[in-house]
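An overview of the molecular structure
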There are 2 protein chains.
Amino acid sequence: MRFKRSERIVFMTQYLMNHPNELVPLTFFVQKFKQAKSSISEDVQIIKSTFQKEKLGTVITTAGASGGVTYKPMMSKEEAREVVYDVIERLREKNRLLPGGYLFLSDLMGNPTLLNRVGKLIATIYMDEDLDAVVTIATKGISLANAVAGVLNLPVVVIRKDNKVTEGSTVSINYVSGSTRKIETMVLSKRTLPENSNVLVVDDFMRAGGSINGVMNLMNEFKAHVKGVSILVESKEVEQRLIEDYTSLARLSDVDEYNQQFTVEEGNSLDKFS
Amino acid sequence: MRFKRSERIVFMTQYLMNHPNELVPLTFFVQKFKQAKSSISEDVQIIKSTFQKEKLGTVITTAGASGGVTYKPMMSKEEAREVVYDVIERLREKNRLLPGGYLFLSDLMGNPTLLNRVGKLIATIYMDEDLDAVVTIATKGISLANAVAGVLNLPVVVIRKDNKVTEGSTVSINYVSGSTRKIETMVLSKRTLPENSNVLVVDDFMRAGGSINGVMNLMNEFKAHVKGVSILVESKEVEQRLIEDYTSLARLSDVDEYNQQFTVEEGNSLDKFS
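Looking at an unreviewed UniProt entry, one finds chain A named Pur operon repressor and attributed to Staphylococcus auricularis. Quoted verbatim from the Sequence similarities (unreviewed entry) field of the UniProt record, the comment on chain A reads "Belongs to the purine/pyrimidine phosphoribosyltransferase family. PurR subfamily."

Here we look at the relation of the copies chain A and chain B
Both copies of the chain are related by a screw-like operation: a rotation about an axis and a shift along it. Mapping chain A onto chain B calls for a rotation angle of 180° and an axial translation of 0.0 Å; the resulting RMSD is 0.0 Å. In symmetry terms, the pair is related by a two-fold rotation axis.

Here's the deal with the pattern of salt bridges
In the structure shown here, the tally under the stated rule is 26 salt bridges over all chains. Where arginine 8 of chain B meets aspartate 43 of chain B, a salt bridge forms, and the shortest distance between an N and an O atom there is 2.6 Å. Of this pair, arginine 8 of chain B sits in helix α1 (residues 5-18) while aspartate 43 of chain B sits in helix α3 (residues 37-53), and the two are 35 residues apart along the sequence. Owing to a relative accessible area of 5%, arginine 8 of chain B belongs among the buried residues under this scheme. Judged by relative accessible area, which is 0%, aspartate 43 of chain B ranks as buried. For the salt bridge of arginine 251 of chain B with glutamate 234 of chain B, the shortest nitrogen-to-oxygen distance reads 2.9 Å. Placement of the pair is arginine 251 of chain B in strand β12 (residues 247-256) and glutamate 234 of chain B in strand β11 (residues 225-235), with a sequence separation of 17 residues. What emerges from the salt-bridge pattern is a single network uniting Arg5, Arg8, Glu42 and Asp43 of chain A.

Concerning the environment of aspartate 107 of chain B
Residue and element names in this part refer to chain B. Position of aspartate 107 among the secondary structure elements: in helix α5 (residues 106-109). Judged by its relative accessible area of 31%, aspartate 107 falls in the partly exposed class. For the pair aspartate 107 and arginine 90, spaced 17 residues apart in the sequence, the C-alpha separation amounts to 9.8 Å. Here arginine 96 takes part through its side chain, which lies 2.8 Å from a polar atom of the side chain of aspartate 107.

Considering unusual backbone geometry
Geometrically, the link from alanine 138 of chain A to threonine 139 of chain A is a cis peptide bond, its omega value of 10° lying close to zero. Located in the positive-phi region is lysine 223 of chain A, a residue other than glycine, with phi close to 55°. Overall, lysine 223 of chain A belongs to the partly exposed group, its relative accessible area being 46%. Residues other than glycine seldom take positive phi values, yet asparagine 95 of chain B does so here, at roughly 65°.

Quick word on the environment of serine 269 of chain A
Residue and element names in this part refer to chain A. By the secondary structure assignment, serine 269 is in the segment after β13 (261-266). Separated by 39 residues in the primary sequence, serine 269 and serine 230 place their C-alpha atoms 8.6 Å from one another. The contacts of serine 269, once residues within four sequence positions are left out, are Leu121, Ile125, Thr247, Ser248 and Leu249.

Here we look at the packing of aromatic side chains
With the rule as written, the count across this model stands at 16 aromatic pairs over all chains. Taking 5.7 Å as the distance between ring centres and 85° as the angle between the ring planes, the aromatic pair formed by phenylalanine 11 of chain A and phenylalanine 33 of chain A counts as edge-to-face. On the criterion of sequence distance, the pair formed by phenylalanine 11 of chain A in helix α1 (residues 5-18) and phenylalanine 33 of chain A in helix α2 (residues 26-33) is long-range, its members being 22 residues apart. Note on accessibility: phenylalanine 11 of chain A and phenylalanine 33 of chain A belong to one class, buried. Look at phenylalanine 3 of chain B and phenylalanine 33 of chain B: their rings are 4.9 Å apart centre to centre, the planes differ by 75°, and that puts the pair in the edge-to-face class. Placement of the pair is phenylalanine 3 of chain B in the segment before α1 and phenylalanine 33 of chain B in helix α2 (residues 26-33), with a sequence separation of 30 residues. Given a relative accessible area of 1%, phenylalanine 33 of chain B falls into the buried group.

Thoughts on the interface of chain A and chain B
With 55 residues of chain A at the interface, the matching set in chain B holds 55 residues. Each partner contributes to the roughly 4,600 Å² buried at the junction of chain A and chain B, and carbon and sulfur atoms together form 62% of this total. Seen at the junction of chain A and chain B, the total is four salt bridges. In this structure, glutamate 54 of chain A and lysine 32 of chain B form a salt bridge, with 2.7 Å as the shortest nitrogen-oxygen distance. Taken together, the links from chain A to chain B amount to 14 residue pairs in polar contact (both at pLDDT 80 or more). Put simply, the parts of the chain that give the side of chain A that touches chain B at least two residues each are α1, α3 (37-53), β5 (102-103), α5 (106-109), α6 (112-125), α7 (141-152) and β7 (156-159) of chain A.

Notes on the sheet that holds β13 of chain A
Residue and element names in this part refer to chain A. Spatially, β7-β6-β10-β11-β12-β13 is the arrangement adopted by the six strands of the open sheet, whose pairing is mixed. Since the sheet does not close on itself, it has two edges, and those belong to β7 and β13, each with one partner. In this sheet, neighbouring strand axes are inclined to one another by 25° on average, regardless of whether the strands run parallel or antiparallel. Here four bridges tie strand β6 (residues 133-137) to β7, and the two strands are oriented parallel to one another. Paired with isoleucine 137 across the strands is isoleucine 159, a residue of β7. Packed onto the sheet, α6 meets β10 (198-206), β11 (225-235) and β12 (247-256) and runs at close to 120° relative to β12.

Reading the values: rules and limits
- Residues numbered from 1 in each chain as written.
- Chains lettered and ligands numbered in written order.
- Predicted model: local features only at pLDDT ≥ 70, side-chain atom pairs only at ≥ 80, totals over all residues.
- Heavy atoms only, no water.
- UniProt positions renumbered as here; feature names shortened; annotations may be inferred.
- Least-squares fit on C-alpha atoms with pLDDT ≥ 70 in both.
- Salt bridge = Lys/Arg side-chain N within 4 Å of Asp/Glu carboxyl O.
- Helix = DSSP H or I, 4+ residues; strand = E, 2+ residues; numbered from the N terminus.
- Buried < 20%, exposed > 50% of the residue type's maximum accessible area, 1.4 Å probe, protein only.
- Polar contact = N/O pair within 3.5 Å; in protein donor to acceptor, adjacent residues only side chain to side chain.
- Contact = heavy atoms within 4.5 Å.
- Phe/Tyr/Trp six-rings, centres within 6.5 Å; stacked < 30°, edge-to-face > 60°.
- Buried area = accessible area lost by both parts, 1.4 Å probe.
- Pairing = 2+ DSSP bridges.
- Axes fitted to C-alpha atoms, helices over the stretch in contact; angles between N-to-C directions.

Pasting the structure below:
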């Protein structure tokens, strides 16, 4: 089958988008289209310059016999700001405040379009961290972790708060919940995370940081290196925070449960974009 | 800024891929590229024919003032077969069998590349069902449901087995687990699913179908219409199945826990592809 340049470009664009952060050998396209390497390189150049012009990400070409092309999705600061303010606007909706100063987030965590955009934003911040896995805590963090991991081409590792028979042998730790001061348990299946992994921790909500602190301790048990922590919404309603180094998209404060009033402002994520 | 046809095609391909099952008005591209509608229509035609030729999905164009273009990702039967046998091969790996005839699936559920392919397969089966939401059960079903919902451009609704303060007011039902015969509880936040929704139920594993049967009862409480049930792996090791109408990618049988032996064969999903 013969392909015109424009058809090759359609195919290659969709292929690279379906394989983010993965080295695709040029020979794959050369063989598929039965074209000279030079023509394929020109096709790649067109995709690369368009992605650059439109700030859709970087297309990296590596030369040599084992050379190829890698698509790194990236978000521009302008788009990141749009995403952050989209999240903030949604958070400000009425009736989102739940007893105890929690926010109802299940609808946001079930919105694939929003998740994809937030995932791309967080992935952009940690793109150069040489990560092995994205770690999260069940239940609501899972969707967000998947969105981030999809962009970074990494596995997702889910820490659970119950011990299920379907996890095989596990490592567990106890931790003190920062807000309730209760002792809780966290469990991770041994075989989901190899020792010495570099991990990014992702979650939907953080108050004092007790859960995230628990994750840190559990990561120690796996000899993992936590290269970053990223939270969708953090609450400023705490006296002392157990975790210092993290990024968040939005910050909740001035919570007045009785009158269902609160303030949402932008977190520090945008500072990470130049 | 001026754009060449090849650049327009790169942009439009990525845009459509990022907005599956969404009507994109032609005027959006007309304005972005400052081009006549006829040129943009020709660009769309090139994308459409390449997607068709490569079996990457359907690009539907609707005419008129409010007309536009909708990208419906679809999987060919050949690719679906590849995906099913990729899943089966992974399931056959040693040490996957857990006590009680369960399979360790957390690694598969944490693999974004695999999830995207499985999600596209399941989405293709139910593409024409006029769905409003994808429903799943915490914890491991969530990633799969997200992958399916991303393709279908639908929200994900997560049923939990615990009642968390972060869900707001909830509806709960009790059900008898088909395998353990124990009474368990299922909870769904009221505001995550409007009444009379058409839903697709997705989960990672099914034995007797007690959980899925529970989901059916819970969906009744929400006056929802279950348009389909899709499972990654079903176990044939049951005397009586509570659920009859579903699709599965793989089937587990002949489980011999003592010798860590079992059989995995293809489920009925491929029958749904013509």
